[in-house]
Amino acid sequence: MNFRDLLGKQILFFDGGMGTLLQERGLQTGEIPETWNILHPEVIKQIHKDYLLAGSNMVSANTFGVNAFKCKNLAYSVEELVTAGIRLTKEAIAEVKKENAAESPMFSVLDIGSIGKLLKPLGEITFDQAYETFREIIIAGDKAGADLILIETMSDSYEMKAAVLAAKENSSLPVVVTMIFDESGKLLTGGDVASVTAMLEGLGADAIGFNCGLGPEQMKKLLPQLTACCSLPIVINPNAGLPVVVNGQTVFDVEPDAFAESVKMLVEMGADVVGGCCGTTPAHIKRVVELCGKMDIVPPTDKGLTVVSSYNHAVTFSRKPLIIGERINPTGKSKFKQALRDHDMEYIYKEGLVQEENGAHILDVNVGLPEIDEPQLMEEAVTGIQAIIDLPLQIDTSDTDAMERGLRYYNGKPMLNSVNGKKESMESVFPIAKKYGAVVVCLCLDESGIPETVEGRLRIAEKIMKTAASYGIPKKNLVMDALVLTISTGQDNATVTLETLRRIRYELGLHTVLGVSNISFGLPERSRINTAFFTMAMNNGLSAGIVNPSSEPMMAAYYSFNALIGEDDQCMEYIAKASQTADKPAAPAASKSSTLTLDEAIIKGLSESAYEATVKLLEQNTDSLTIINEKLIPALDVVGKGFEEKKMFLPQLLMSADAAKASFAAIKTSLSKQGKNSESKGKIVIATVKGDIHDIGKNIVKTLLENYGFEMIDLGKDVEPEVVLKTVQEQNVRLVGLSALMTTTVVNMEATIRLLRESGTDCKVMVGGAVLTQEYADMIGADFYSRDAMGSVRYANDLYDKGEL
């Protein structure tokens, strides 16, 4: 019986931690755990056997940290380490079954962790590089005979997508994905439970859940968010509590009995597969199996949600209509067409920002012109927009190459506009939509054109539904467009559309969408007709209108309708809208002449605009220090405060940082022409500690501190304590920042701090990393601990203000 046959039908058990067990068996500080697959195979195999004897159904190969970046300077290749790791799991399974006549199902798991780098435009590697990195691991694991793939400890939805696509495109193995959330339910890059669930379900993951970062008690608080939106089996692999230091070793504070009791509650709440992560041992898993082995699981059920998502939130179709912004589209827009020809990407971004500010829930993205490379521009537009705007996107194109590019590089679960009832259209679009899990806009037309009757359009809708099902696309991933024809050419066109709309929504049970403004084409005072028709459409079951969010009459109708049907709690949205100037004109479309102030450009993350605004200020003889202190730093503070309050997220933080860099570049150029240099607030040494190659957190902190005027001395990753000390002494540095992600390397953080203290250097040490807590930081002698990058900025600024840097 294979893994998929059992998943979601009975309780299954993963194994527990590996790193802390290897430390107990002699793994040295800074040693790469995965090399033990070759150097000490008997130790690894015995740990696997111990977990199997404890009752684990799945044993994860010691391959968590294997990737091309980590193996670059090792004596062993990715394929060698993965092959050895999978072989040891299979040998352990065979020996346990033979020696103990075990009949319980046992599976070999290819364990894949994060690469440890952010993807562009936020980081240094491309989506394709991440994909290729995972692809190499997966091919090796599949070839070696793994039974399933576990993609775990993921904190970035974009990296998750690269890993899942690599798994789905290069093997047929089941794919389980577990993520590391903070206690507020956010990923490092800002994603929430619902947004990532939507994306992973769409991509075809077999099961999803949580691991690492939190203990079972903390995960109990997050699990209801997952059970509310997830239609897949749920996997929960908590840490054994939170880390503490005992005799120089990192240990976790929840014993097996208490751990098992908490896990039992997680099963009762909806977990189908359970195990452990950092600090858990065979004793923890044995107690979990004893307590939970005979429990019935809560079977996963299809939640039936029509949902799209961006990198940080989901948008669910419901009774309350949605607004899809229509302005990122060259049709009838000469300035937009010219911007596309000129490759003026910030024009496109500004169009998106205006629509976001005016209430859009989803943005339509169409960049098609005959004379441009649409697939390439679609990729650029999607990746650029999603870096600065957190709304879900609707990829709008008839070019299947552009469709594929847009969907592949989109960070979330997108909408796709569109497919129609023509055989050729469905055959070309549905495979792409299925692959990427898109919600598809379906047009009620086919080879015979647009039917004039309601029944004709319904027949096409039913044909599309049936064909989609044959491709494995459920009706919840279809949104039907009844099509709008102008009433200037047919007096019954509106009534036919509205009746079709009503029957699609309430008889076929599909959500609906319309390009509303088509109704008035060829008529004067079009907004009057558009507004009336929009209200009628919403009243007949319109789920989403593709409209201009900057149209005050249209949005007034929208907010009024929601208040009237009871979908606006206490009429608060309506009141907020009405409190604005009643006669406020529609916001102007973006143009090359619509310049932003420096602070606006930085807050919005627009680098080109930030550079231009800075140059303009300098040309007006504004002093560079005035620009920095009165414009640039206050804007960064706004973003930083938004990040700390979880109103803005890491992508926005980093794009604002890039915009600030562009501003600083203009200032430095000006100062250089004057023979001057920009002033530094002081030097800071920053490093990822010995044995740890994960530098995401370090790089984020470095970028922000540079923008706040500090001179950063970046020692990189896997840095020896002696190198940190030498640099501090030679450069006379008063502040050091240390980062660690892995439980096996945080001891080197303590060693580095101890060396700095023993040497008598007069420097402060701030620390951060996923496995750290305030208590742990205090134990190892750190001066400051922060859960996020902005905390480090605040601390450094505080030291500077006190004259201690």
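Structure shown above.
Draft legend 1. Inspection of the packing of aromatic side chains at higher detail. Counted according to the given criterion, the structure contains 9 aromatic pairs. Ring centres of Phe-127 and Tyr-158 lie 4.9 Å apart, and the angle between their planes is 40°; this geometry places the pair in the tilted category. Taken together, the residues Phe-127 in helix α7 (residues 127-144) and Tyr-158 in helix α8 (residues 157-170) connect sequence positions 31 residues apart. The class of Tyr-158 is buried, set by a relative accessible area of 6%.

Draft legend 2. Just the pairing of strand β13 (residues 322-328), in detail. Most of β13 sits inside the fold, with 5 of its 7 residues counted as buried. With 4 bridges joining them, β13 and strand β20 (residues 544-547) adopt parallel strand pairing. Directly across from Gly-325, in β20, lies its bridge partner Val-547. Relative to strand β14 (residues 362-365), β13 runs parallel, the two sharing 3 bridges. Bridged to Ile-328 within β14 is Val-365.

Draft legend 3. Structural context of the sheet that holds strand β23 (residues 735-739). The 5 strands lie next to each other as β22-β21-β23-β24-β25, forming an open sheet whose pairing is parallel. Where the open sheet ends on each side, the last strands, each with one partner, are β22 (711-714) and β25 (784-785). Judged from the 4 bridges that link them, strand β21 (residues 683-688) and β22 form a sheet pairing that is parallel. Bridge assignment links Val-685 to a residue of β22, and that residue is Ile-713. Packed on one face of the sheet, helix α31 (residues 789-801) meets β21, β23, β24 (764-768) and β25 and runs near 170° to β24.

Draft legend 4. How the structure looks around the packing of helix α11 (residues 256-269) against helix α12 (residues 282-292). At a minimum axis separation of 8 Å, α11 and α12 run at an interaxial angle of 45°. Regarding the angle of α11 to α12, the classification is oblique. For α11 against α12, the interelement crossing comes out right-handed. Note on element contacts: α12 touches α11 through Ala-283, His-284, Arg-287, Val-288, Leu-291 and Cys-292, opposite Pro-256, Asp-257, Phe-259, Ala-260, Glu-261, Val-263, Lys-264 and Val-267. Of the residues that constitute the contact of α11 with α12, the class distribution is 9 nonpolar, 1 polar and 4 charged.

Draft legend 5. Just helix α17 (residues 423-436), in detail. The terminal C-alpha atoms of α17, which comprises 14 residues, lie 21 Å apart, in line with the 20 Å expected from a rise of 1.5 Å per residue. The largest bend in α17 comes to about 30°, at Val-429, with the proline Pro-431 one to four residues further on. Looking only at α17, the buried set comprises Ser-425, Met-426, Val-429, Phe-430, Ile-432, Ala-433 and Tyr-436. After α17 finishes, the residue Gly-437 shows a positive phi value of roughly 70°.

Draft legend 6. Fine view of the nonpolar core. Counting 219 residues, the largest nonpolar core has Phe-134, Leu-200 and Ile-385 as the members making the most contacts within it. Ranked by residues supplied to this core, first place goes to helix α26 (residues 650-673) with 10 residues. With near-sequence residues (within four places) excluded, Ile-385 lies in contact with Ile-328, Ile-348, Tyr-349, Leu-363, Val-365 and Leu-393. Judged by nonpolar contacts, the second largest core, of 27 residues, contains Leu-725, Val-736, Ile-753 and Ala-777.

What counts, and where the lines are drawn
- Residues numbered from 1 in each chain as written.
- Predicted model: local features only at pLDDT ≥ 70, side-chain atom pairs only at ≥ 80, totals over all residues.
- Heavy atoms only, no water.
- Phe/Tyr/Trp six-rings, centres within 6.5 Å; stacked < 30°, edge-to-face > 60°.
- Helix = DSSP H or I, 4+ residues; strand = E, 2+ residues; numbered from the N terminus.
- Buried < 20%, exposed > 50% of the residue type's maximum accessible area, 1.4 Å probe, protein only.
- Pairing = 2+ DSSP bridges.
- Contact = heavy atoms within 4.5 Å.
- Axes fitted to C-alpha atoms, helices over the stretch in contact; angles between N-to-C directions.
- Parallel < 35°, antiparallel > 145°, perpendicular 65-115°, else oblique.
- Left-handed = near helix turned anticlockwise from the far one by under 90°.
- Nonpolar A, V, L, I, M, F, W, Y, C, P; charged D, E, K, R; others polar.
- Expected span 1.5 Å × (residues − 1).
- Bend = angle between axes of the 7 residues up to and from the residue.
- Core = buried A, V, L, I, M, F, W, Y, C linked by side-chain atoms within 4.5 Å.

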